[in-house]
Amino acid sequence: MKIFASIYQWLDDRLALGRLYDQSIGHRIPASASSWFYVFGSATLACLAIQLVTGTCLALVYVPSPEFAYASIEYLDYTQPFGWLLRGLHFWGSNFMVALVTIHMIQVFLFGAYKYPRELTWVVGSTLFLCVIAMAFTGQGLRFDQDGYWGLEIVMSILGRIPFVGMEATHLVQGSPIISGATLSRFFTIHVFVVPAVIISLLVIHIRLVLLMGISEYPVAGKKIDPETYREDYEKLVERTGERLMPEGGGKDLVFTALILTAIVTCAVVIGPKIPNGPADPSLIHTVPRPDFYFLSLFAVFALMPPYMESFSIVYLLPLSIVILFAVPFISRGQERHWSKRPGAIITVVLVMTSLVILAYEGLTSPWSPHMNAWSGVPIQPQFVQGRTPLEHVGATIVQGKQCRNCHSIDGTGGKRGPDLSGVATRLTYNQLVRQVLQGDGNMPAFGRHLSPYEVTALVSFLHTLHPENEPPSQNSAPEAAPPLSTDPY
Ligand code: HEC
């Protein structure tokens, strides 16, 4: 025993362990803060710990490359001993973390705990919330299955709508004009290094703020916060009736955290990890991708919204709602903390949560983003097929059925990543069109492997008709030697 005492003495001498304890888990909190309503923050922290440990283990096996990502997930699921359990824990850990951080924020909101002097704690906490969402999103992308892939596609097209810099931002994030190996590497780095580093740094600040400002006392209806006297009163309250967080006040935190950990392990063992739903294949546009539950509401919003509202809400409403989230302590400046005196707060929570739940439910069944579908599937406008040959009609159908219009518009409708194809025949000759479609270009995927020779002929015959009446299509200066596709290996 004595030896332990002297080791402790030696360490304490150098690390000031006693003072560390006093200032951290041993600090005094108001007795009223030892409540079942106050357990969500610490449980979120426990989830983070699970995510860090399981995530590190997963990263040892996962391969962030488009060829092997999906296979390495399957390897984890079926070959690597306990790989499925790691994936299960990581998947359920993330689900619980998103849920708990949300409940934590609702509790802080309803208890008015973001008010003076804890405004900054709320702002840092909201940033942490966004980071958790970023982790959930990038993690889903790393599965690189259909869901993950189309999740990336949708967010990329969201980015692409930012005025002026959208295209550059998309290229920067994707690392290439399309979702590719570079994109996956970036998402891996963001998921494994960047966001976790931000989370840990912000968490240090968040917890320091919690310790410095003290855990808020349980609100009492009618008791107002007066910035002049609040801190002094709080000090007195904690002096008089407070208790230490550990071992006295934090008992409920420990019980709740233990329950959550048990729930995560149970879900991981009984339900297991999310089985990836088929490798990502960009040419399959008729899939039914579904995001993980936390994105279902957002997914439903975009799926159900009329397409003409999409850009507006993406560019303005989404950032606006984030700004409002951060601004909560500065908008709601009333001195009353108790929810019974803040009907607005209750209505806000009820409205927001009801809409999220209804939308998430809709998201389970709604047809997926009609805009993406619309881009790829919108019929070619009649004036572009009038008087065309049957072969050219087939070509028009291929443009409609393949994902050309995710990136290209025709007469203004469609994606904006590639040039508008309305007058493409005036810019490229027949042979150049064939080459463009088969081999792609730095900025366009090669379709050679996804189209039969017949389809290429039809497609290019159609593209070749896309020119204004008074402007003939481009011609080779030399006469065309042979029908271009007869010798083509495809
Ligand atoms: C992932 C986005 C994407 C998809 C999908 C896509 N393209 Fe492209 N396409 C581009 C980009 C970007 C360019 C511009 C080429 C460059 O930057 O070098 C381009 C260029 C072209 C051009 C040359 C246009 C010009 O004016 O120079 C043609 C023709 C073309 N694409 C046809 C198609 C067809 C047909 C399909 C469907 C089978 C298709 N593209 C699918 C991105 C795409």
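Anything mentioned here points back to the structure above.
Just so it is clear, the structure is predicted and the values come from calculations on it, not from any experiment.

S.K.: Please provide a residue-by-residue account of the overall build of the protein chain, values included.
M.R.: The secondary structure content of the protein chain amounts to 20 helices and four strands. Dimensions of the protein chain along its principal axes, counting C-alpha atoms only, are 95 × 55 × 40 Å. In the protein chain, which comprises 490 residues, the proportion classed as buried is 45%. Considering only contacts in the protein chain between residues 6 or more positions apart, those separated by 24 or more positions represent 78%. Here the protein chain has roughly 25,100 Å² of accessible surface; of this, 69% comes from carbon and sulfur atoms. Positive and negative side-chain charges of the protein chain, numbering 32 and 35 respectively, have mean locations separated by a distance of 8 Å.

S.K.: Break down a nonpolar patch on the surface for me, with residues and values.
M.R.: On the surface, M1, I3, F4, I7, W10, L11 and L15 cluster together to form a nonpolar patch covering roughly 820 Å² of accessible area. Within the fold, M1 resides in the segment before α1 (2-15).

S.K.: Residues and numbers for the site of the ligand, please.
M.R.: The ligand sits among 22 residues. The nearest are C404, C407, H408, R427 and M444. Between the ligand and the protein, one listed contact pairs a nitrogen atom with a side-chain N or O atom of H408 at 2.7 Å. R427 is positioned such that a nitrogen or oxygen atom in its side chain is 2.6 Å from an oxygen atom of the ligand. Elements supplying a minimum of two residues to the shell around the ligand: α18 (404-407), α19 (430-439) and α20 (453-463). Among the elements that take part in the shell around the ligand, α19 stands out by supplying three residues, more than any other. Considering only residue class, the shell around the ligand consists of 14 nonpolar, five polar and three charged.

S.K.: Which residues make up the pattern of salt bridges, and what are the values?
M.R.: Pairing is possible between side chains of opposite charge, provided their charged atoms come close. Within the structure shown, the criterion is met by nine salt bridges. Between D13 and R14 there is a salt bridge whose closest N-O contact spans 3.6 Å. Each member of the pair, D13 as well as R14, is classed as exposed. Overlapping salt bridges, with partners in common, bring together R143, D145, D147, K274 and D292 in one network.

S.K.: Kindly report on the environment of H171, identifying the contributing residues and their values.
M.R.: Tracing the sequence through the fold places H171 in helix α8 (residues 166-174). For the pair formed by H171 and L159, sequence separation is twelve residues and the distance between their alpha carbons is 9.7 Å.

S.K.: Just give me the short version of the nonpolar core, but keep the residues and values in it.
M.R.: Core analysis: the largest hydrophobic core is formed by 57 residues, its most contacted members being I260 and I264. Top element by residues in this core is helix α5 (residues 83-110). It accounts for eleven residues. Apart from the residues within four sequence positions on either side, I260 is in contact with A43, C47, F96 and L100. Of all hydrophobic cores here, the second largest spans 25 residues; its members include F384, V399, A458 and L463.

Each value, and the rule that gives it
Residues numbered from 1 in each chain as written. Predicted model: local features only at pLDDT ≥ 70, side-chain atom pairs only at ≥ 80, totals over all residues. Heavy atoms only, no water. Helix = DSSP H or I, 4+ residues; strand = E, 2+ residues; numbered from the N terminus. Buried < 20%, exposed > 50% of the residue type's maximum accessible area, 1.4 Å probe, protein only. Contact = heavy atoms within 4.5 Å. Areas by Shrake-Rupley, 256 points an atom, 1.4 Å probe, with all protein chains shown as cover. Lys, Arg positive; Asp, Glu negative; His and termini not counted. Charge placed at Lys NZ, Arg CZ, Asp CG, Glu CD. Patch = residues over 30% accessible without salt bridge, like charges linked within 9 Å, V, L, I, M, F, W, Y side chains within 5 Å. Salt bridge = Lys/Arg side-chain N within 4 Å of Asp/Glu carboxyl O. Near = heavy atom within 4 Å. Polar contact = N/O pair within 3.5 Å; in protein donor to acceptor, adjacent residues only side chain to side chain. Nonpolar A, V, L, I, M, F, W, Y, C, P; charged D, E, K, R; others polar. Core = buried A, V, L, I, M, F, W, Y, C linked by side-chain atoms within 4.5 Å.

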